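Examination of the molecular architecture
Read off the chains here:
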Amino acid sequence: MSGYVARVRHDDLSSRSAEFDLLVSSAARRWRGVDPLLPVPAQPRASTYPLLTVSDGAGRPVAAGTMRYSWYQPGEPGRTWGVPDQHWLTPIVGGPDPGGALDSLLTHWREQLEALPTGTGSESAAVLTWPSRDVCGVLPLQRHGLQPYSVLAVRGFRRGVPPSLPPRDVTIRLAGADDVAQVVGLLMEEHRYEEAFGGVFIQAETAEQTRRVVARALSRSPSWIWLAERGGRPVGLVWASPPERAHWAAPLVSASPTAHIGYGVVAEKERGQGIGTALVSQVHQALDSYGIAVTLLNYAMMNPLSGPFWNRMGYRPLWTTWEIRPALALR
């Protein structure tokens, strides 16, 4: 690491495009080796923030990081899903010592955060995503105080998987426009549970914002929201997004088309009876018949129910989000 040089680039990146091509190629080779479902890293791009780079003794880039800042005011929907001030880094790391290059990049990021005039107070976070199987990054991330916070998990297409049936007195159907209240009730129960893991912050506006999003989703046909009922009472749901509603997820994985599961909920008193398994089975049948190559979903690392359940359903980690709060706690 002593031979690395960190700097902030304000110049035209195109003047050194060949060197950045080599950096991206180096990172892409490592990613292909650790996980074939990882996409090719994107070229670093200029933005309102300067590009952070780390170079070796010969001046060749071995790491680059694009900074991004998100700020959510009280009442905005994004405030439900995180602290108000979020500082993101998108790293590309290559070279013969990727762990050392990442370590230098994180040190450089900390220096840049410290120089910011605002946005790094008690309600801030420094956040990045790292490929889950690229284990060379784990120790540098830990050394700088970052902790694994959430997982983006992936399931590939599976042909001929037999469906799982729900309990005999439970029915599963696609939700429709008359089910807004039932769906919102289950989602708010899920939000309250997720608050325990520090990833959801229920606001006064959250219920109404959730209702508007649900009403819009249920106005479509099909809604892609499957609802489980026992005696007409809602006991669980799975909410999926087909490729045309999950454009944001496509760049995160090498295969396509890509779907995303946004929610999988079973009411607390109904857990452990096979309802969740039956719901997900029906969703998988629909996605597989739709020709979906991969399905993605997110879950909190510290949620003791999500990881084991989704693993049984065929999902495994693809990306891990690492975070530290407040942002200047980054070492």
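Above: the structure in question.
A brief structural summary. Keep in mind it's a predicted model, so treat the numbers as computed, not measured.

The rules behind each value
Residues numbered from 1 in each chain as written. Predicted model: local features only at pLDDT ≥ 70, side-chain atom pairs only at ≥ 80, totals over all residues. Heavy atoms only, no water. Helix = DSSP H or I, 4+ residues; strand = E, 2+ residues; numbered from the N terminus. Expected span 1.5 Å × (residues − 1). Contact = heavy atoms within 4.5 Å. Salt bridge = Lys/Arg side-chain N within 4 Å of Asp/Glu carboxyl O. Buried < 20%, exposed > 50% of the residue type's maximum accessible area, 1.4 Å probe, protein only. Core = buried A, V, L, I, M, F, W, Y, C linked by side-chain atoms within 4.5 Å. Phe/Tyr/Trp six-rings, centres within 6.5 Å; stacked < 30°, edge-to-face > 60°. Lys NZ or Arg CZ within 6 Å of the ring centre and 35° of its normal. Pairing = 2+ DSSP bridges. Axes fitted to C-alpha atoms, helices over the stretch in contact; angles between N-to-C directions. Polar contact = N/O pair within 3.5 Å; in protein donor to acceptor, adjacent residues only side chain to side chain. Parallel < 35°, antiparallel > 145°, perpendicular 65-115°, else oblique. Left-handed = near helix turned anticlockwise from the far one by under 90°.

Comments concerning helix α5 (residues 206-218)
The terminal C-alpha atoms of α5, which comprises 13 residues, lie 18 Å apart, in line with the 18 Å expected from a rise of 1.5 Å per residue. Against α4 (180-194), β8 (225-230) and β9 (233-241) lie the buried residues of α5.

A look at the pattern of salt bridges
Taken as a whole and judged by the stated rule, the model has 15 salt bridges. For E208, the salt bridge identified is with R212, shortest N-O distance 3.6 Å. With E208 and R212 both in helix α5, this residue pair falls four residues apart, about one helical turn. We classify R212 as partly exposed; its relative accessible area is 42%. Connected through salt bridges with shared partners, the residues D169, R230, R233 and E270 form a single ionic network.

Overview of the nonpolar core
Within the largest apolar cluster, 26 residues are counted, with the highest numbers of intra-cluster contacts made by I261 and W310. The set of elements that each furnish at least two residues to this core consists of β6 (147-156), β7 (170-174), β8, β9, β10 (258-266), α6 (275-289), β11 (294-300) and α7 (306-312). When residues in this core are grouped by element, the largest group, six residues, is from α6. Ignoring anything within four residues of it in the chain, the contact list for I261 reads V238, W239, A240, V283, T295, L296, L297, N298, W310 and Y315. Membership of the second largest hydrophobic core comes to 23 residues, among which are A63, V93, L106 and L113.

Looking at the packing of aromatic side chains
Aromatic ring pairs are described here by two measures, namely the spacing of the ring centres and the angle between the planes. Throughout the structure, instances matching the rule amount to seven aromatic pairs. When the centroid spacing of 5.5 Å and the interplanar angle of 85 degrees are considered together, the rings of W310 and Y315 count as edge-to-face. This pair shows no difference in class: W310 is buried, exactly as Y315 is. In this structure an aromatic cluster arises from ring pairing among W224, W226 and Y290. Lying over the aromatic face of F201, R79 brings its terminal NZ or CZ to 5.4 Å of the ring centre. The ring of Y193 has R271 lying over it, and the distance from NZ or CZ to the ring centre is 5.0 Å.

Here's the deal with the sheet that holds strand β2 (residues 51-55)
One open sheet holds the 12 strands; their spatial order is β1-β2-β3-β4-β5-β12-β6-β11-β10-β9-β8-β7, and the pairing between them is mixed. One side of each edge strand has no neighbouring strand; the edge strands of this open sheet are β1 (5-9) and β7. Between one strand and the next, the sheet's axes are offset by a mean angle of 25 degrees, whatever the strand orientation. Taken strand by strand, α6 contacts β6, β7, β8, β9, β10 and β11, and its axis lies near 150 degrees from that of β8.

As for α4
Taking 1.5 Å of rise per residue, the 15 residues of α4 would be expected to cover 21 Å, and the 21 Å separating its terminal C-alpha atoms lies within 8% of that figure. Those residues of α4 that fall on the buried side of the exposure criterion are V180, V183, V184, L186, L187, M188, E190, H191 and E194. Those residues of α4 that are buried lie in contact with α5, β8, β9, β10 and β11.

Quick notes on the side chain of S223
Counting through the fold element by element, S223 comes out in the loop between α5 and β8. Among the polar contacts made by the side chain of S223, one reaches the main-chain carbonyl oxygen of A175 at a distance of 2.8 Å. Within polar-contact distance, the side chain of S223 engages the backbone nitrogen of I225 at 3.2 Å. Here S223 is in contact with L174, A175, A217, L218 and R245, once residues within four sequence places are set aside.

Things to note about the side chain of R30
As for its placement among the helices and strands, R30 is situated in helix α1 (residues 17-34). For R30, a relative accessible area of 17% gives the class buried. Ignoring sequence-local partners within four residues, the contact set of R30 consists of V93, G94, P98, W130, D134 and C136.

So, the pairing of strand β3 (residues 61-71)
Sheet topology note: the β2/β3 ladder contains five bridges and is antiparallel. Bridged to T53 within β3 is A64. The hairpin turn running from β2 into β3, its antiparallel successor, is five residues long, and G59 in that turn takes a positive phi close to 85 degrees. Sheet topology places β3 next to strand β4 (residues 85-93); nine bridges connect them, and they run antiparallel. Along β4, the bridge assignment pairs G65 with P91.

Topic: the packing of α4 against α5
Closest axis-to-axis distance for the α4/α5 pair is 9 Å, and the angle between their directions is 130 degrees. It follows that α4 is oblique to α5 by the angle criterion. As for the relative orientation of α4 and α5, their crossing is right-handed in sense. From α4, V180, V183, V184, L187, M188 and H191 reach across to α5, where they touch T206, A207, T210, R211, V214, A215 and L218.

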